[in-house]
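Summary of structural features
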Amino acid sequence: MMRKIERQNTGNMAPGQDLVFAGQAGLAGAAALAKVRRRELSRWFSEIYLDGLEADWETAGWRSWRPEENEFGITEQEAVGEGGVLKAVWNLTGAYETGVVFGLRKIPVSQATIEICERMDVNPYRLYSEGCLLLTAERGGQLAEYLEEKGIPAAVIGRIQSGIAREMIVQEGRGYLERPQPDEILKHIPDFF
């Protein structure tokens, strides 16, 4: 039995709609790690590299973008923050008691975020991702193209489906999304939130 997520369903999310991710997964968390754990990270990365990661976060124009009502058939949105994109997928589909199939490698994430996460042994998809949005839309491909034209990293990462299965496509094949875990940033900054 699925535990009901305490959240109001204000949209019309339904099976068959596209799941779109807007922003860069884990960038906010990676920038925070670069700032707080700078001394440790400077063993592998130059100061310019770490400054660049922090600047990428500070100047990310997509952080303030919010969709207009019914733009591209958008039916629902979930802000991605604490717990990262995997928690957002769990919460969104749980609120509607519906299933999803999505590709982990389709989620936009910067190379710098991946490299910081590898050094700090954290999962970028479970890392703080403030400013990112998870959207469902009738015309997700058009929405993603529109966002890319505006300089906002975006991709159709999956599709809403009937049932309650939360399927995740990874390099090794398919698996199921696990219940949300504590945000990965807490491994290195326990008092972050």
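Conventions we followed
- Residues numbered from 1 in each chain as written.
- Predicted model: local features only at pLDDT ≥ 70, side-chain atom pairs only at ≥ 80, totals over all residues.
- Heavy atoms only, no water.
- Helix = DSSP H or I, 4+ residues; strand = E, 2+ residues; numbered from the N terminus.
- Rg over C-alpha atoms; globule rule 2.2 N^0.38 Å.
- Buried < 20%, exposed > 50% of the residue type's maximum accessible area, 1.4 Å probe, protein only.
- Contact = heavy atoms within 4.5 Å.
- Areas by Shrake-Rupley, 256 points an atom, 1.4 Å probe, with all protein chains shown as cover.
- Lys, Arg positive; Asp, Glu negative; His and termini not counted.
- Charge placed at Lys NZ, Arg CZ, Asp CG, Glu CD.
- Salt bridge = Lys/Arg side-chain N within 4 Å of Asp/Glu carboxyl O.
- Axes fitted to C-alpha atoms, helices over the stretch in contact; angles between N-to-C directions.
- Parallel < 35°, antiparallel > 145°, perpendicular 65-115°, else oblique.
- Left-handed = near helix turned anticlockwise from the far one by under 90°.
- Nonpolar A, V, L, I, M, F, W, Y, C, P; charged D, E, K, R; others polar.

**A word on the overall build of the protein**
- Looking only at helices and strands, the protein has six helices and seven strands in total.
- Beginning at the N terminus, the succession of helices and strands in the protein can be written as β-α-α-α-β-α-β-α-β-α-β-β-β.
- Here the C-alpha atoms of the protein give a radius of gyration of 17 Å, agreeing with the 16 Å that 2.2 N^0.38 yields for 193 residues.
- Taken over the C-alpha atoms alone, the protein extends approximately 50 × 40 × 30 Å along its principal axes.
- For the protein, the proportion of its 193 residues judged to be buried stands at 53%.
- For the protein, restricting intrachain contacts to residue pairs at least 6 apart in sequence, the fraction spanning at least 24 positions comes to 82%.
- Total accessible area on the protein is roughly 9800 Å²; 46% of this is exposed by carbon and sulfur atoms.
- When the 22 basic and 29 acidic side-chain charges of the protein are each reduced to a single mean position, those positions are 4 Å apart.

**Focus on the pattern of salt bridges**
- Scanning the model with the defined rule gives eight salt bridges in all.
- The salt bridge involving Arg37 is made with Glu40; its shortest N-O contact spans 2.4 Å.
- Measuring nitrogen to oxygen at the nearest pair gives 3.2 Å for the salt bridge that ties Arg174 to Glu167.
- Relative accessible area serves as the criterion here: at 56%, Arg174 is assigned to the exposed category.
- Counted as one network, the salt bridges with shared partners bring together Arg38, Glu47, Asp51 and Glu54.

**Remarks on the packing of helix 1 (residues 27-36) against helix 5 (residues 111-120)**
- As a packed pair, helix 1 and helix 5 sit with axes 9 Å apart at the nearest point and diverge in direction by 60°. Of the possible angle classes, the one that applies to helix 1 and helix 5 is oblique. Crossing of helix 1 over helix 5 shows left-handed handedness. Where helix 1 abuts helix 5, its residues Leu27, Ala30 and Leu33 lie against Thr113, Ile116 and Met120.
- Looking at the contact of helix 1 with helix 5, its residues break down into five nonpolar, one polar and no charged.

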